[in-house]
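Listed here are the chains, written in short residue letters.
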Amino acid sequence: MIEAGLGIYAIAIPALLLFALAGAEYIWPRRALVLGRYPRWRTHALFFATNAVVGRILSFFVVIGVAATWADAHRFGMLHILNWPFWAQALMAFVVLDFAVWLQHFAMHRFAFFWPMHAVHHSDRDLDVTTALRFHPFELIVSTFYKSAMVALLGVPLAVALAFELWLNANALFNHSNIRLPKYLDRMLRTFFVTPDMHLVHHSVIVAEQKSNFGFALSIWDRLFGTYCAESMVGAENQKIGLSQFDDQRPSAFVWSMKQPMT
Ligand SMILES: [Zn+2]
C-alpha cells in the first residue's frame, strides 16, 4: 500500500518538475537548440511511453519495490545487520545508492557491451529537460536489475528505496535542463550536487569530456575519483553536444534512435 501511495508522487512530482523546468528553459535558456524542440520532444515522449510499457512488464519480474519488500521480509542486507536508526539507514542508503548509480554510469562508458545502449542517450544533439527521458529500454532493463540487486544487498527500507528513485529522477530532470543558472548559484550548488552546466560537459562531442562528470545527484564521486571537469576545453558557450558520428537530423527520429544500439 505504501508503494501505491508513493507511486502517485513518483509520477506527479517528476511530471510537475518537468513542466516547471520546461517553463524555466523557455524563460532563461542556457543555449540555442541545434535541432529545436520538435521533433525531439515527440521522440522523447515516445521514449517515455516505451519505457513505461517496458517498466510495467519488468515489474512482473523484478522491481525496486519488490527487492526492498523481499529484503525486509527476510531480514536480508547490510542495513538489517547494522540495525541503525531509520534516519541513519536512510542517509546511508541514499549515499551508497547514489554511488552505485555513479558506478553504473561509469561502466556504461567504460565497457563495450554497455556503451551502444547508453550512446542512445548521448546521441541527442541538444540538452533539455526531455533528454532525461531519452534512455533506451535496454538501459532501463539493466539499471532496473542492477538497482534492485543493490537495494536487496543493502536491505534498503521500501519507503527509502522509492524516495531515492524519486530523488534520482528529479535530479536527472534538473541536470539535463537547458536553464541558465546565475554563476554564483551554479558554483554553490556544485559543491554538493550535479548542476546543468556540470552535466553539460558530460554530453560534449569531445570523447574525453564524455568520460567526466558521471554523477547524477551528488558531485562528490567525480571529485573523489578524479573525473570532475568544470567546463569544456572549448568553453561552455562553444561546446557541441552529442556524438560526432551523428552530426545530422537522425538523432531526433524515434525509430532511428531505437535501432541505434543494433547498428
Ligand atoms: Zn553518459
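Structure: see above.
Computed from a prediction, not measured in an experiment: that's the story for all the values here. Within each chain, residues carry numbers counting from 1 in the order of the written sequence. At least 70 in pLDDT is required for a residue's local features to be given in this predicted model, at least 80 for side-chain atom pairs to be given and counted, and no such filter applies to totals for whole chains, interfaces and linings, which use all residues. Excluded from the side-chain calculation are hydrogens and water; included are all heavy atoms of the structure.

J.: Looking at this structure, I do not really get the overall build of the protein. What am I missing?
T.: Helix and strand counts for the protein come out as 13 helices and zero strands. When the helices and strands of the protein are read in sequence order from the N terminus, they spell out α-α-α-α-α-α-α-α-α-α-α-α-α. For the protein, whose C-alpha radius of gyration is 18 Å, the value lies close to the compact-globule estimate of 18 Å for 263 residues. Projected onto the principal axes, the alpha-carbon positions of the protein cover approximately 50 × 40 × 35 Å. For the exposure calls, accessible area comes from a 1.4 Å probe over protein chains only, and a residue counts as buried if that area is under 20% of its type's maximum, exposed if over 50%, partly exposed in between. Residue burial in the protein is summarised as follows: out of 263 residues, 49% are buried. Areas reported as accessible are Shrake-Rupley estimates using a 1.4 Å probe. Residue values count occlusion only from the protein chains shown. Total accessible area computed for the protein in this model is approximately 13,200 Å², and 73% of it derives from carbon and sulfur atoms. Positive charges come from Lys and Arg, negative ones from Asp and Glu, while His and the chain ends are left out of the count. Where a charge lies is defined by one atom per residue type: Lys uses NZ, Arg uses CZ, Asp uses CG and Glu uses CD. Of the side chains in the protein, 20 bear a positive and 17 a negative charge, and the two mean positions are spaced by 3 Å. Think of it this way: any DSSP run of H or I at least four residues long counts as a helix, any run of E at least two long counts as a strand, and we number them from the N terminus. With the radius of gyration taken over C-alpha atoms, the globule rule is written as 2.2 Å times the number of residues to the power 0.38.

J.: What's the story with the coordination of the zinc ion in this structure? I'm lost.
T.: Metal coordination angles in their ideal form are 109.5 degrees for the four-donor tetrahedron and 90 or 180 degrees for the six-donor octahedron. Metal-coordinating donors are taken as N, O and S atoms lying within 2.8 Å of the metal, or within 3.2 Å when the metal is Na, K or Ca; because water is left out, some sites can appear incomplete. For the zinc ion, the protein coordination sphere consists of His 105 (NE2), His 109 (NE2), His 118 (NE2), His 122 (NE2) and His 202 (NE2), at 2.1 to 2.2 Å. The sequence pattern formed by the donor residues of the zinc ion is H-x3-H-x8-H-x3-H-x79-H. One end of the pair, His 118, is in helix α6 (residues 115-122); the other, His 202, is in helix α10 (residues 196-202), with 84 residues separating them in the sequence. Summarising the burial analysis for this pair, His 118 and His 202 share the class buried.

J.: Would you take a moment to explain the nonpolar core for this structure?
T.: As a rule of thumb, soluble globular proteins bury nonpolar side chains together. Membership of the largest hydrophobic core comes to 31 residues, with the highest contact counts inside it found for Leu 97, Val 151, Val 156, Ala 161 and Phe 216. For this core, the elements supplying multiple residues, two or more each, are α1 (2-27), α3 (64-73), α5 (86-110), α7 (137-154) and α8 (158-176). In terms of residue count, α8 provides more of this core than any other element does, eight residues in total. As used here, the term nonpolar core means buried Ala, Val, Leu, Ile, Met, Phe, Trp, Tyr and Cys residues forming a set that is joined through side-chain atoms within 4.5 Å.

J.: Got a minute to help me understand the packing of aromatic side chains in this structure?
T.: Each aromatic ring pair is summarised here by two numbers: the centre-to-centre distance and the angle between the ring planes. By convention, a stacked pair of Phe, Tyr or Trp rings (six-membered ring in the case of Trp) has centres within 6.5 Å and planes under 30 degrees apart, an edge-to-face pair has planes over 60 apart, and any other such pair is tilted. Inspection of the entire model under this criterion finds 15 aromatic pairs. Both rings, one in Phe 99 and one in Trp 221, keep their centres 4.9 Å apart while their planes meet at 55°; by these two values the pair is tilted. Separated by 122 residues along the polypeptide, Phe 99 in helix α5 and Trp 221 in helix α12 (residues 220-224) bring together distant segments of the chain. When the centroid spacing of 5.9 Å and the interplanar angle of 90° are considered together, the rings of Trp 102 and Phe 214 count as edge-to-face.

J.: Where do I start with the pattern of salt bridges in this structure?
T.: Close approach of charged atoms allows side chains with opposite charge to pair. The salt bridge criterion pairs a side-chain nitrogen of Lys or Arg with a carboxyl oxygen of Asp or Glu, the two atoms within 4 Å. This structure, assessed with the given rule, holds 11 salt bridges. Of the charged contacts, one joins Asp 128 and Arg 40 as a salt bridge, the two residues approaching to 3.1 Å between their closest N and O atoms. Highlighted residues: Asp 128 in the loop between α6 and α7 and Arg 40 in helix α2 (residues 40-58), separated in sequence by 88 residues. Among the salt bridges present, the one from Arg 75 reaches Asp 72, with a minimum N-O distance of 4.0 Å. On the accessibility criterion, Arg 75 (52% relative accessible area) is exposed. Taken together, the salt bridges that share partners define one network made up of Arg 30, Arg 180, Asp 197 and Glu 237.

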